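# Structural description and commentary
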Amino acid sequence: MDINITGGRIFYTFPIDFPILGKFQITETLVVSWLIMLLITGLCIWLTHDLKVEKISRRQAVAEMLVETADKFVIGNMGEKFRYMIPFVAALFTTSVVSNLISLIGLRSPTSDLSTEAAWAVVVFIMITAQKIKTSGFGGYLKGFTTPIAVMTPFNILSELATPVSMACRHFGNILSGVVINGLIYAALAVASSALLGLLPGVLGDVLAQIPILDVGIPAILSVYFDWFSGVMQAFIFCMLTTMYIANAAEG
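Note that residues are indexed from 1 along each chain, following the sequence as it is written. Totals for whole chains, interfaces and linings use every residue, but because this is a predicted model, local features are given only for residues with pLDDT of at least 70 and side-chain atom pairs only at 80 or more, for both listing and counting. The basis for every side-chain value is the complete set of heavy atoms in the structure, and neither hydrogens nor water enter the calculation.

Note on conventions: DSSP H or I runs of at least 4 residues are helices, E runs of at least 2 residues are strands, and numbering of each starts at the N terminus. Among the secondary structure elements, His171 is positioned in helix H5 (residues 153–197). For the exposure calls, accessible area comes from a 1.4 Å probe over protein chains only, and a residue counts as buried if that area is under 20% of its type's maximum, exposed if over 50%, partly exposed in between. What makes His171 buried here is its relative accessible area of 1%. Pairing of N or O atoms within 3.5 Å defines a polar contact, subject to two protein rules: one partner must be a possible hydrogen donor and the other a possible acceptor, and residues neighboring in sequence count only if both atoms are side-chain atoms. Engagement of the side chain of His171 in a polar contact is seen with the side chain of Ser96, the distance being 3.4 Å. Here, residues are in contact when the closest pair of their heavy atoms is within 4.5 Å. Residues in contact with His171, not counting those within four places in the same chain, are Ser96, Asn100, Thr111, Glu117, Trp120, Gln234, Ala235 and Phe238.

Now for unusual backbone geometry. In this structure, the amide linkage connecting Thr147 to the following residue, Pro148, adopts the cis form with an omega of -5°. Although it is not a glycine, Asp50 sits at a positive phi angle of roughly 60°. Relative to the helices and strands, Asp50 resides in the loop between helix H1 (28–48) and helix H2 (58–78). Positive phi, normally seen in glycine, also occurs at Lys55, with a value near 50°. In this structure, Lys55 sits in the loop between H1 and H2. The exposure class of Lys55 is exposed, given its relative accessible area of 81%.

Further remarks concern helix H3 (residues 86–101). Taking 1.5 Å of rise per residue, the 16 residues of H3 would be expected to cover 22 Å, and the 22 Å separating its terminal C-alpha atoms lies within 8% of that figure. Of all the residues in H3, the buried ones are Ile86, Val89, Leu92, Ser96, Val97, Ser99, Asn100 and Leu101. A helix is expected to span 1.5 Å for every residue after the first.

Let's shift gears to the nonpolar core. Here, the term nonpolar core denotes a set of buried Ala, Val, Leu, Ile, Met, Phe, Trp, Tyr and Cys residues that are joined through side-chain atoms within 4.5 Å. Counting 23 residues, the largest nonpolar core has Val74, Met78 and Met85 as the members making the most contacts within it. Contributing elements (two or more residues each) for this core: H2, H3, helix H4 (114–143), H5 and helix H7 (218–249). Looking at this core element by element, the count peaks at 7 residues for H7. Among all residues touching Val74, those that are not within four sequence positions of it are Gly79, Phe82, Met85, Ile86 and Val89.

Along its 45 residues, H5 runs 65 Å from first to last C-alpha, staying within 8% of the 66 Å computed at 1.5 Å per residue. Bend, in this description, refers to the angle at a residue between axes fitted to the seven residues ending there and the seven starting there. The sharpest bend along H5 reaches about 30° and sits at Ala162, with the proline Pro164 one to four residues further on.

The next point concerns the packing of aromatic side chains. Here a Phe, Tyr or Trp ring, Trp counted by its six-membered ring, pairs with any other such ring whose centre lies within 6.5 Å, and the pair is stacked when the planes are under 30 degrees apart, edge-to-face when over 60, and tilted otherwise. The final tally for this structure, using the stated rule, is 4 aromatic pairs. Ring geometry for Phe82 and Tyr84: centres 6.0 Å apart, planes at 35°, overall tilted. Seen from their ring centres, Tyr141 and Phe145 are 5.2 Å apart, and the 75° between their planes marks the pair as edge-to-face. Assigned by exposure class, Tyr141 and Phe145 land together as buried.

A residue counts toward a patch only above 30% relative accessible area and without a salt bridge, and it is joined to like-charged neighbours within 9 Å or, for Val, Leu, Ile, Met, Phe, Trp and Tyr, to nonpolar neighbours within 5 Å. Using a 1.4 Å probe, the Shrake-Rupley method yields the accessible areas, and only the shown protein chains count as cover for residues. A pairing counts as a salt bridge when a side-chain nitrogen of Lys or Arg comes within 4 Å of a carboxyl oxygen of Asp or Glu. Together, Val31, Trp34, Leu35, Met37 and Leu38 make up a nonpolar patch on the protein surface, roughly 490 Å² of accessible area in all. For Leu35, the location among the structural elements is in helix H1. For Leu35, a relative accessible area of 45% corresponds to the partly exposed category.

This part covers empty space enclosed by the protein. Over the atoms a probe the size of a water molecule is rolled, and this reveals where empty space is left. Any residue with an atom within 4 Å of a point lines the site, the site being either a cavity, points on a 1 Å grid over the protein atoms alone where a 1.4 Å probe fits but cannot get out, or a pocket, an open set with protein on both sides within 12 Å along at least 5 of 7 lines. Grid points are joined across faces, edges and corners, and a volume is the space filled by probe spheres set on the points. Within this structure, the stated rule accounts for 1 cavity of 30 Å³ or more. Considering only enclosed or pocket space, the largest cavity measures out at about 70 Å³ in volume. Along the walls of the largest cavity sit Asn100, Ser103, Ser109, Asn174, Ile175, Gly178, Val179, Asn182, Phe226, Asp227 and Gly231, which together make up its complete lining. For the lining of the largest cavity, the secondary structure elements donating two or more residues are H5 and H7. Considering every element that reaches the lining of the largest cavity, the biggest residue donor is H5, with 5 residues. Residues that form the lining of the largest cavity fall into these classes: 3 nonpolar, 7 polar and 1 charged. Put simply, Ala, Val, Leu, Ile, Met, Phe, Trp, Tyr, Cys and Pro go in the nonpolar bin, Asp, Glu, Lys and Arg in the charged bin, and everything else, Gly too, in the polar bin.

To define axes, lines are fitted to C-alpha atoms, for helices over the stretch in contact only, and angles between the resulting N-to-C directions are given on a 0 to 180 degree scale. At their nearest, the axes of H4 and H5 sit 8 Å apart, and the two run at 155° to each other. Regarding the angle of H4 to H5, the classification is roughly antiparallel. Considering only the axes of H4 and H5, their crossing is right-handed. Where H4 approaches H5, its residues Leu114, Glu117, Ala118, Trp120, Ala121, Val124, Phe125, Ile128, Thr129, Lys132 and Tyr141 are matched on the opposing element by Glu160, Leu161, Thr163, Pro164, Met167, Ala168, His171 and Phe172. Of the residues in the contact of H4 with H5, the class split is 13 nonpolar, 3 polar and 3 charged. Roughly parallel means an angle under 35 degrees; roughly antiparallel, over 145; roughly perpendicular, 65 to 115; everything else is oblique. For any helix crossing, the convention is left-handed if the near helix is rotated counterclockwise from the far helix by under a right angle, and right-handed if that rotation is clockwise.

Here it is, written out as structure tokens:
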């Protein structure tokens, strides 16, 4: 087991040596990602089992509301012909939201790891490229790099590659910044608590100075923005950009 300390936090990696594939690192990000997938899968099974046509349960009503919301989001932004994209966009949004909010229970958010965001962005980039080739043909796709003039080809290629990079870095940067800011706030409040309570006379001050009392309550209020609002908003923006890029690719 390898232990890495980054930003005051301890991250564990478990190297496993496969005969053919070689050494494979089981990181905290990977483990938490598996837990999130199991959580979402279990939630979907629970929401969709024992469905009825009449006298539906509250659980089924919630499931239908979520499906209708995903339908309206995708069809409203991409059009009816992209109805097949609804499961992908819904899965992407759900995974992103749960990954962003998992830090509320003390686990490291997978979206604060650039490798997670990069993998999502590469998948989206492949789908965008496939849609462009489907719309214009492979020759038309390559010809698009030469517009409006051939000398612009290198810049057009860089612009194409910038799409997944910008998507990954935007989501990663916002989530990581929230994690870092929360960590700094906890540390600052602990120091302030120790300094203020240490002013009390005698043993009472010595004991209370060791308890980070100011860490209770105040970070929870700030978490409403850095975790809840920002986490949901970044997931929404990532999915919105995904639908817009794919829909624009279909226009040629």
